[in-house]
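Survey of secondary and tertiary structure
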Amino acid sequence: MAPGKDEDESLIVYQVINHDREQIFYGTTAGQVADELERIAKDPSGPAKGWKFGDTVTWRTLSMPLKPVEARYLHRQFESGEPPMKFSVIPTYED
């Protein structure tokens, strides 16, 4: 979490899957997940870099709003777990 963030702010944990590239990444956001994903899609150095228009991508929330420490813990746990099938996990967790 970035310095200066309000520790009382709730975060949602989400998952994004690119089925064509067999890649997954996880993240947290205090805002709307759709807005966060739009920001990530436009970031040339973000976890979706190299993904192409037309790739089959799905996303879903994995939690209800949580305290930041709980959301960060879940993010780390999901990212360090065994990915489904032959998918690879793109690391996004930061302390």
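Residues numbered from 1 in each chain as written. Predicted model: local features only at pLDDT ≥ 70, side-chain atom pairs only at ≥ 80, totals over all residues. Heavy atoms only, no water.

1. A short note on helix H1 (residues 33-42)
To keep it simple, the criterion reads: Residue burial is assigned from relative accessible area. The probe radius is 1.4 Å, only protein chains are included, and a residue is buried under 20% of its type maximum, exposed over 50%, and partly exposed in between. Elements are defined by DSSP. Helices are runs of H or I of four residues or more, strands are runs of E of two residues or more, and each kind is numbered from the N terminus. Taking the helix axis as origin, the arc is that swept by the directions to the C-beta atoms.
Considered for burial, the residues of H1 that qualify are Val33, Glu36, Leu37 and Ile40. An end-on view of H1 places all buried positions within 100 degrees of arc, on one side of the element.

2. Quick notes on the sheet that holds strand E2 (residues 23-29)
For the record, the criterion: Whether two strands pair comes down to DSSP finding at least two bridges between them. Should any heavy atoms of two residues lie within 4.5 Å, those residues are considered in contact. Fitted lines through C-alpha atoms serve as axes, helices being fitted only where they are in contact, and the angles separating the N-to-C directions of these axes extend from 0 to 180 degrees.
Spatial ordering of the open sheet is given by E3-E1-E2-E4, a layout of 4 strands whose pairing is mixed. At either margin of the open sheet sits one strand with a lone partner, and together these are strand E3 (57-61) and strand E4 (88-89). Where E2 meets E4, 2 bridges bridge the pair, whose relative direction is parallel. Counterpart to Gln23 in the pairing with E4 is Ser88. Packed onto the sheet, H1 meets strand E1 (12-18), E2 and E3 and runs at close to 50 degrees relative to E1. Relative to the sheet, helix H2 (residues 68-80) contacts E1, E2 and E4, its axis offset from that of E2 by approximately 175 degrees.

3. Some thoughts on the packing of aromatic side chains
Put simply, the test is: Think of it this way: a Phe, Tyr or Trp ring, Trp meaning its six-membered ring, pairs with another when their centres are within 6.5 Å, and the plane angle makes it stacked under 30 degrees, edge-to-face over 60, tilted otherwise.
Scanning the model with the defined rule gives 2 aromatic pairs in all. Between the aromatic rings of Phe25 and Trp51, the centroid separation amounts to 5.7 Å while the plane-to-plane angle is 45 degrees, which identifies the pairing as tilted. Of this pair, Phe25 sits in strand E2 while Trp51 is found in the loop between H1 and E3, placing the two residues 26 residues apart along the sequence. According to the relative accessible area criterion, Trp51 is buried, its value standing at 16%. With a centroid separation of 5.6 Å and an interplanar angle of 15 degrees, the aromatic rings of Tyr26 and Phe78 are classed as stacked. In this pair, Tyr26 sits in strand E2 while Phe78 sits in helix H2, placing the two residues 52 residues apart along the sequence. Given the relative accessible area of 5%, Tyr26 is considered buried.

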